[in-house]
Amino acid sequence: MLGFSGPLLLSLLVGFLEEGQEPLSHGLLYALGLAGGAVLGAVLQNQYGYEVYKVTLQARGAVLNILYCKALQLGPSRPPTGEALNLLGTDSERLLNFAGSFHEAWGLPLQLAITLYLLYQQVGVAFVGGLILALLLVPVNKVIATRIMASNQEMLQHKDARVKLVTELLSGIRVIKFCGWEQALGARVEACRARELGQLRVIKYLDAACVYLWAALPVVISIIIFITYVLMGHQLTATKVFTALALVRMLILPLNNFPWVINGLLEAKVSLDRIQLFLDLPNHNPQAYYSPDCGRLGAQIKWLLCSDPPAEPSTVLELHGALFSWDPVGTSQETFISHLEVKKGMLVGIVGMVGCGKSSLLAAIAGELHRLRGHVAVQGLSKGFGLATQEPWIQFATIRDNILFGKTFDAQLYKEVLEACALNDDLSILPAGDQTEVGEKGVTLSGGQRARIALARAVYQEKELYLLDDPLAAVDADVANHLLHRCILGMLSHTTRLLCTHRTEYLERADAVLLMEAGRLIRAGPPSEILPLVQAVPKAWAENGQESDSATAQSVQNPEKTKEGLEEEQSTSGRLLQEESKKEGAVALHVYQAYWKAVGQGLALAILFSLLLMQATRNAADWWLSHWISQLKAENSSQEAQPSTSPASMGLFSPQLLLFSPGNLYTPVFPLPKAAPNGSSDIRFYLTVYATIAGVNSLCTLLRAVLFAAGTLQAAATLHRRLLHRVLMAPVTFFNATPTGRILNRFSSDVACADDSLPFILNILLANAAGLLGLLAVLGSGLPWLLLLLPPLSIMYYHVQRHYRASSRELRRLGSLTLSPLYSHLADTLAGLSVLRATGATYRFEEENLRLLELNQRCQFATSATVQWLDIRLQLMGAAVVSAIAGIALVQHQQGLANPGLVGLSLSYALSLTGLLSGLVSSFTQTEAMLVSVERLEEYTCDLPQEPQGQPLQLGTGWLTQGGVEFQDVVLAYRPGLPNALDGVTFCVQPGEKLGIVGRTGSGKSSLLLVLFRLLEPSSGRVLLDGVDTSQLELAQLRSQLAIIPQEPFLFSGTVRENLDPQGLHKDRALWQALEQCHLSEVITSMGGLDGELGEGGRSLSLGQRQLLCLARALLTDAKILCIDEATASVDQKTDQLLQQTICKRFANKTVLTIAHRLNTILNSDRVLVLQAGRVVELDSPATLRNQPHSLFQQLLQSSQQGVPASLGGP
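Residues numbered from 1 in each chain as written. Predicted model: local features only at pLDDT ≥ 70, side-chain atom pairs only at ≥ 80, totals over all residues. Heavy atoms only, no water.

S.K.: Which residues make up the overall build of the chain, and what values do they have?
M.R.: Along the backbone of the chain there are 39 helices and 19 strands. Out of the 1211 residues in the chain, the part that is buried amounts to 57%. Of all intrachain contacts in the chain linking residues separated by at least 6 positions in sequence, the fraction that spans at least 24 positions is 82%. For the chain, the accessible area works out to roughly 47600 Å², and carbon and sulfur atoms hold 61% of it. (Helix = DSSP H or I, 4+ residues; strand = E, 2+ residues; numbered from the N terminus. Buried < 20%, exposed > 50% of the residue type's maximum accessible area, 1.4 Å probe, protein only. Contact = heavy atoms within 4.5 Å. Areas by Shrake-Rupley, 256 points an atom, 1.4 Å probe, with all protein chains shown as cover.)

S.K.: Could you give an account of the sheet that holds strand S15 (residues 1042–1045), with specific residues and numbers?
M.R.: Sheet strands line up and pair through hydrogen bonds in the backbone, either parallel or antiparallel. In spatial order, the strands read S15-S16-S17-S12-S18-S19; together these 6 strands make up an open sheet with mixed pairing. Looking along the sheet, the strands with just one partner apiece sit at the ends: S15 and strand S19 (1175–1180). The sheet shows a mean angle of 20° between the axes of neighbouring strands, taken without regard to direction. Here strand S16 (residues 1121–1125) pairs with strand S17 (residues 1151–1155) via 5 bridges, running parallel. Pairing of Leu1122 across the sheet is with Val1152, part of S17. (Pairing = 2+ DSSP bridges. Axes fitted to C-alpha atoms, helices over the stretch in contact; angles between N-to-C directions.)

S.K.: Tell me what's going on with a nonpolar patch on the surface, and back it up with residues and numbers.
M.R.: On the surface, a cluster of nonpolar side chains totalling about 690 Å² of accessible area is made up of Tyr117, Tyr120, Val125, Val128, Ile132, Leu136 and Met232. Put simply, the parts of the chain that give the nonpolar patch at least two residues each are helix H4 (98–123) and helix H5 (127–171). For the nonpolar patch, the element with the highest residue contribution is H5, accounting for 3 residues. Tracing the chain through its elements places Val128 in helix H5. Accessibility expressed as a relative area gives 33% for Val128, which makes it partly exposed. (Patch = residues over 30% accessible without salt bridge, like charges linked within 9 Å, V, L, I, M, F, W, Y side chains within 5 Å. Salt bridge = Lys/Arg side-chain N within 4 Å of Asp/Glu carboxyl O.)

S.K.: Tell me what's going on with the nonpolar core, and back it up with residues and numbers.
M.R.: Counting residues in hydrophobic clusters, the biggest one holds 192 residues, and the most contacted among them are Phe967 and Leu1012. Broken down by element, this core gets its largest block of residues, 16 residues, from helix H25 (residues 740–782). Beyond its immediate sequence surroundings of up to four residues, Leu1012 is in contact with Val965, Phe967, Val1023, Leu1025, Leu1038, Leu1042, Cys1123 and Leu1153. Leu347, Cys421, Val475 and Val513 belong to the second-largest nonpolar core, a separate cluster that totals 47 residues. (Core = buried A, V, L, I, M, F, W, Y, C linked by side-chain atoms within 4.5 Å.)

S.K.: With reference to specific residues and values, describe the packing of helix H2 (residues 24–73) against helix H26 (residues 790–831).
M.R.: As a packed pair, H2 and H26 sit with axes 9 Å apart at the nearest point and diverge in direction by 20°. Considering their axes alone, H2 and H26 lie roughly parallel with respect to each other. The chirality of how H2 crosses H26 is left-handed. On H26, the residues touching Arg60, Tyr68, Ala71 and Leu72 of H2 are Leu819, His825, Leu826, Thr829 and Leu830. Class assignment for the residues of the contact of H2 with H26 results in 6 nonpolar, 2 polar and 1 charged. (Parallel < 35°, antiparallel > 145°, perpendicular 65-115°, else oblique. Left-handed = near helix turned anticlockwise from the far one by under 90°. Nonpolar A, V, L, I, M, F, W, Y, C, P; charged D, E, K, R; others polar.)

S.K.: I'd like a rundown of the sheet that holds strand S10 (residues 965–972), residues and numbers included.
M.R.: Strand order in the open sheet formed by 4 strands is S11-S10-S13-S14, and the pairing between neighbours is antiparallel. Each edge of the open sheet carries a strand with a single partner, namely strand S11 (982–989) and strand S14 (1028–1029). Sheet analysis places S10 next to S11, joined by 6 bridges and oriented antiparallel. Bridge assignment links Val965 to a residue of S11, and that residue is Val989. Lying over the sheet, helix H31 (residues 1005–1012) contacts S10, S11 and strand S13 (1020–1025), oriented at roughly 110° with respect to S10.

S.K.: Break down the pairing of strand S9 (residues 520–525) for me, citing the residues and quoting the values.
M.R.: A regular strand places its side chains so that they alternate between the two faces of the sheet. The pairing of strand S8 (residues 512–517) with S9 spans 5 bridges and is antiparallel. Looking across to S9, one finds that Glu517 is bridged to Arg520.

S.K.: Describe the environment of Trp260, naming the residues involved and giving the relevant values.
M.R.: In this structure, Trp260 sits in helix H8 (residues 238–279). Apart from the residues within four sequence positions on either side, Trp260 is in contact with Asp207 and Phe760.

As structure tokens, this is what we get:
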């Protein structure tokens, strides 16, 4: 209400100056009232803002926490991680904007009503004209707002899709680099981005229309009101005009904000619905899951009967007629178990073809599927399970933290676990032993190390029931043997174990074996019955009961060298994760320049020019009014003064003294046309000029709104394009050391900021700056004495805002930094949900989430408090200016110098000074804060290391015709001061030769491929392909000629066709042919052919099927050199044999390098290369090496076959 005291007291004060009849004391009272009202208003406004924000923060804490708790309880149908992260980032923020909008939704109409009433008091019925115009715009705005809403929803969907795609690209970045798909997949992200920008463009231009309508409104309304007023035959006076102007300005604010408030409420509603959808997803409910369908018994009895453990105490697990599916309606492959009973202490093997539902069975027991019918009972549910999933889930933490997983440290048990899981050798060479940090999802460890750490975690939890999903697949024979005897048959011998594996030779000692086929359990029985059905190898595999001789085992134990990544980034302390860098101090100038460049030089200048024109014309219109009134006043008094012809009075009101000022500081701006005494033509002349100026102003406003929208869209597109290009070109080392969450944060929230929030705030900043310039010009011309006040005021203002900006900026940065871990934590949780539940760690993760949230909330609260601190200081400064103007006006009035027209103009402007000043500093600070996003994007676009591209040699496309590979003295160290991963490797592969590469985990097998594909550059030595030095080639030129089947299958969400052939080079017939050869055609047909969707990360296929799909990819390439990195680790032996035949046939005349763990896969290769500690130890044909009694190859072979006689035949 105090806001209204301003215009009312202003009207009284101007009236006082104009009439000159009232005593001076009244004038003083009005001036004091103006000042007091301003101060009191400021204090109240400040408290209100502070309280509202406190409520908002409480709501935010609740929303973010409930989202996380829900994520922990999700059932099998889960949204993709990207979507969940968007809920956390975008939607929760939008939901909270509701707090501010809510109060304005009832406050603004009230303000509106009072303003209209006051206008009526000033100009009578004339105000109706203006009001009708304002009301006509409301439906127009409604239309615009709904269209913006619709586009907004579409844009969010495209954004979800883009973030999801980027997430997948980052997780498979190694494979993308191997295959040279950066361009193709980058183009897919760009396509998503283009659709997103399409919707953003609609939103921005509609916004521009909105802004234009409201900016042009005050001028148009005031024209209409004054025209109506004059045409109704009234006389315009200074008092009336300026009070009306101030009121129209006040009217604009509520009208202006109203659409935004409505929009904010609608956006909050959209986001609320999205969050509600997420919260409505079915929960994981063990109580209901593990109880049979008991029909209609009473609730109490039902509970007692239904959640009972298996009938016999010796039975740990029982399934009856149970049917499970990955989705609630049962459209995906179902798993049906007619009857299964597992007794305490049994070791049960589960075998079957790829994709037959082995992992699904374990997931069903762990409660991660939908139970459609039947009954599952597990003994001692509350204790949880030991779960080792097929794709090991590793947290971003030290190795010890990963294994302890929240359990207290028990040195003896810990030691036993490390020994049982064969981790001691690995830890001995890591820079910081078990305190070494592993990257996100364990990227810095080899596949085998990940699997063993996940297994160690399960073992350390000491559960009764263990579900082990193929932990032996990713390790070599020696280690697999160790795990089997020391861990599965050793430490875990007293527990019940279900073990899925393709290595049937390890199931000889099992108590029972289950054979799965197409989601059905078809046979169960002792190993001697079941294994022959699945074994592809003659019975000679049978165990001779002799353990691998420990002496030979000792001699092979070279300290394991670990995979690439660890040594890459580890400093001596073993910290892999570099703290996220945080820039200090003010946003650097180059960031502003970068944004200016992104907008484009010409556009940026055009925007500034149209902005200045707009402000100039608006001020001109107001000045013209004040001039007109002074004229009227002058003429009236000159007519009255004629009888006495007093020279003084003539002099006082002569037009020359219009821009009134003591000592004639100012001359008139331009000589004014002498008009006829207030006749109708005179009014028409003034009104015409006024309307013309207003028209020009309106045009400038439109021009500026459109140009601004175009400029910011241009910038948004440029910034994202550069970021994406740069990230895709970064070397693998960067991705190993940077958590995905951090890169994603750039792609989601920072890009969103540059798209949407930054332009919004920047627009306000520019308008405020221009407004302030105009204001100073008017004040200076109206009351030049005021200019004396400016230096002290501006010094104060400068200090206050500098003090504030420094804190605000750092707080914003801290806010961003504390938000990243929240994202990472949620992503981590969603990835390892099944493990969390099985080990019962959900409570601990919830606590951790609360701790991270608390940190972030603190930053947010501090930010808000600083805003209020600044606000109150600026308000008080504004109040001071208003009182000063009123005071100066009174003094001038006493001297008889005051020109009411100009004083009124100055005062009505000064009332908006406070708003402008606080608007300027807060919009500047916010712009700076938003520019932190541009700074973070720029940091990646400018400072990321790039892969050395090499010069394109003029070799033509098919330069690699033979396929000869030669390594000459190649040395590779991941970082200076670390042991060499490859130590002078020299060997030569003839064109068309099949070479098997073997060696213990960490002997440098995968490093060979990294050097061959130039994912890492060797520190010395060269690699020649057909005699061409690879370091001279362009990366694309090199990688397009090589094919690889990687260790970890990488698929992204999209159709089968896009996954097989991202670059779109092949016809459908070729694709089907490749699928046929990989025995996948049936599966793919059932999914809907080549256009079937694969789901996020290829979720709809089993791990083995994903590997087969990656093999099909390699079959499509026409490369002369094929590298296979343990590609068939998750495939059963029958399929494996078929694949080996396919590879033999298809790549008969090409060079094939195979890294193998199952040594039987390379027994038929031409030669075998044995690596140890990064050196070549042996290189010869398999037969020769096997006949040498002490060859390393022979020892590896022995330990893998557990003493199988060497009667297996030659190569």
